Amino acid sequence: MKRRTFLVATGGGVTLAGCTTGENTDDEVTDDADVDDEADDEDAEDREASIEIVDSTVIDDSSDGGAADPWLQVDVENETEVPHGGIRIVSEVLDDEGTVLASETHTTSYLPPESTLRYFHEGSFEMDEFDSIEHDIEVAHAQVRSTELEDVTVSNTDLSVGGNLINVVGDLELADPDHDRVVVVAPIWDEAGRLRGTGTYIENSPTESFEFSADSPGFRAPGGAEPIDDYDVYVFDDLP
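Visitor: Account for the overall build of the protein chain, with residues named and values stated.
Guide: Assigned secondary structure in the protein chain consists of one helix and 15 strands. Split into buried and exposed, the 240 residues of the protein chain put 39% on the buried side. Accessible area of the protein chain: about 12600 Å², with a carbon and sulfur share of 39%.

So this is what it looks like as structure tokens:
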């Protein structure tokens, strides 16, 4: 697999992407530490996360001389210690005259703290036409807009991968079903520990228990990409 990497011009004030991959023994002291921990927790709730496009690459996925469409690979990093809400990024592949060869939009609903999102789009252009890539972060919620529900029970979960679609299913029980809606978000991870996207499920006027199916398209990848390996399940009272 051949990779060509270029500096990325950005729109909308987005950061320029680069060419490289991105015991206490005193009771009084203990009490003070507890107070400090509580203050830190409160500060963490108010802090904003930030994202940066740290790498952008076009991959030639042809093998044995056979023709194949190239792939756009983008790495987005949340290096902060707090989660980031939903994002939408538009990427354009350009030739040397600035003509758009391909335009792709990627959406992810939640980026956990200190995580790197890697996503792929298959193009329909020739590798020798490609010159540069531009990204425009159209949506970026620096703070999660909803509240994570803690008093829930998630069981019987399973992950299925088929073509372009990934789906995390399971059963969910709410201790308090008094919500207008409940949103299940399932971050999907590959074997290298990178976030590859999120599945999302919305239950309006939820009952005490229900089944969920948190799915999303956009998970096709070139042959050398690390396989999908794991997932998490978070439950919120609205979209994050």
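Visitor: For the pattern of salt bridges, give the residues involved together with the corresponding values.
Guide: Within the structure shown, the criterion is met by seven salt bridges. Across the salt bridge formed by R47 and E81, the nearest N and O atoms sit 3.9 Å from each other. With a gap of 34 residues between them, R47 in the loop between α1 (27–46) and β3 (52–60) and E81 in the loop between β4 (71–78) and β5 (87–94) connect regions that are remote in the sequence. The partly exposed category is assigned to R47, whose relative accessible area is 39%. By relative accessible area, which is 57% here, E81 ends up exposed. With a shortest N-O distance of 2.7 Å, D238 and R181 are connected by a salt bridge. Separated by 57 residues along the polypeptide, D238 in the segment after β15 (234–236) and R181 in strand β11 (residues 181–190) bring together distant segments of the chain. Classification of D238 by relative accessible area gives partly exposed; the value is 29%.

Visitor: Provide a residue-level description of the nonpolar core, including the pertinent values.
Guide: Counting residues in each nonpolar core, the largest one holds 20 residues, and the members touching the most others are V58, V76, I89, L111 and L117. Going through the elements one at a time, β3, β4, β5, β7 (115–122) and β8 (132–140) are the ones with two or more residues in this core. Aside from chain neighbours lying at most four places away, what touches I89 is I53, V76, E104, T105, H106, Y119, H135, D136 and I137. Counting 16 residues, the second largest nonpolar core, distinct from the first, contains L172, A186, Y201 and V235.

Visitor: Before we move on, can you summarise the packing of aromatic side chains with the specific residues and values?
Guide: This structure, assessed with the given rule, holds four aromatic pairs. Summarising the aromatic geometry, the rings of Y110 and F236 are spaced 5.5 Å apart at their centres and angled 50° between planes, so their arrangement reads as tilted. On the criterion of sequence distance, the pair formed by Y110 in the loop between β6 (100–108) and β7 and F236 in strand β15 is long-range, its members being 126 residues apart. Of the two residues examined, Y110 and F236, each falls in the buried class. Classification of F236 by relative accessible area gives buried; the value is 2%. Each residue in the set Y110, Y234 and F236 is aromatic and connected to the rest through ring pairs, giving one cluster.

Visitor: Before we move on, can you summarise the side chain of T198 with the specific residues and values?
Guide: Examined against the element boundaries, T198 turns out to sit in strand β12 (residues 195–204). Among residues more than four places away in sequence, those in contact with T198 are T108, S109, Y110, V185, A186, P187, S216 and F219.

Visitor: Requested: an account of a negative patch on the surface, with residues and values cited.
Guide: The grouping of E148, E150, D151, D176, D178 and D180 at the surface amounts to a negative patch. Topologically, D178 is positioned in the loop between β10 (165–174) and β11.

Visitor: Explain the pairing of β12 residue by residue, including any values.
Guide: Among the 10 residues that make up β12, seven are buried, leaving the element largely enclosed by the rest of the structure. Hairpin connection between β11 and β12: a loop of four residues separates the two successive antiparallel strands, and G193 in this loop has a positive phi of roughly 80°.

Visitor: For the side chain of R118, give the residues involved together with the corresponding values.
Guide: Positionally, R118 belongs in strand β7. Within polar-contact distance, the side chain of R118 engages the side chain of D75 at 2.8 Å.

Visitor: Give me the lowdown on unusual backbone geometry, citing residues and values where you can.
Guide: Unlike most non-glycine residues, E114 shows phi in positive territory, near 50°. Its place among the elements puts E114 in the loop between β6 and β7. Even without glycine at this site, N156 takes up a positive phi of about 55°. Among the residues examined, N156 registers a relative accessible area of 59% and is labelled exposed.

Visitor: Describe the environment of G123, with residues and values.
Guide: Tracing the chain through its elements places G123 in the loop between β7 and β8. Of the residues examined, G123 reaches a relative accessible area of 7% and is grouped as buried. Taking the C-alpha atoms as reference, G123 lies 8.8 Å from V93; in sequence the two are 30 residues apart. When neighbours within four sequence positions are excluded, G123 is seen to be in contact with D69, P70 and W71.

Reading guide: rules and limits
Residues numbered from 1 in each chain as written. Predicted model: local features only at pLDDT ≥ 70, side-chain atom pairs only at ≥ 80, totals over all residues. Heavy atoms only, no water. Helix = DSSP H or I, 4+ residues; strand = E, 2+ residues; numbered from the N terminus. Buried < 20%, exposed > 50% of the residue type's maximum accessible area, 1.4 Å probe, protein only. Areas by Shrake-Rupley, 256 points an atom, 1.4 Å probe, with all protein chains shown as cover. Salt bridge = Lys/Arg side-chain N within 4 Å of Asp/Glu carboxyl O. Core = buried A, V, L, I, M, F, W, Y, C linked by side-chain atoms within 4.5 Å. Contact = heavy atoms within 4.5 Å. Phe/Tyr/Trp six-rings, centres within 6.5 Å; stacked < 30°, edge-to-face > 60°. Patch = residues over 30% accessible without salt bridge, like charges linked within 9 Å, V, L, I, M, F, W, Y side chains within 5 Å. Lys, Arg positive; Asp, Glu negative; His and termini not counted. Charge placed at Lys NZ, Arg CZ, Asp CG, Glu CD. Pairing = 2+ DSSP bridges. Polar contact = N/O pair within 3.5 Å; in protein donor to acceptor, adjacent residues only side chain to side chain.

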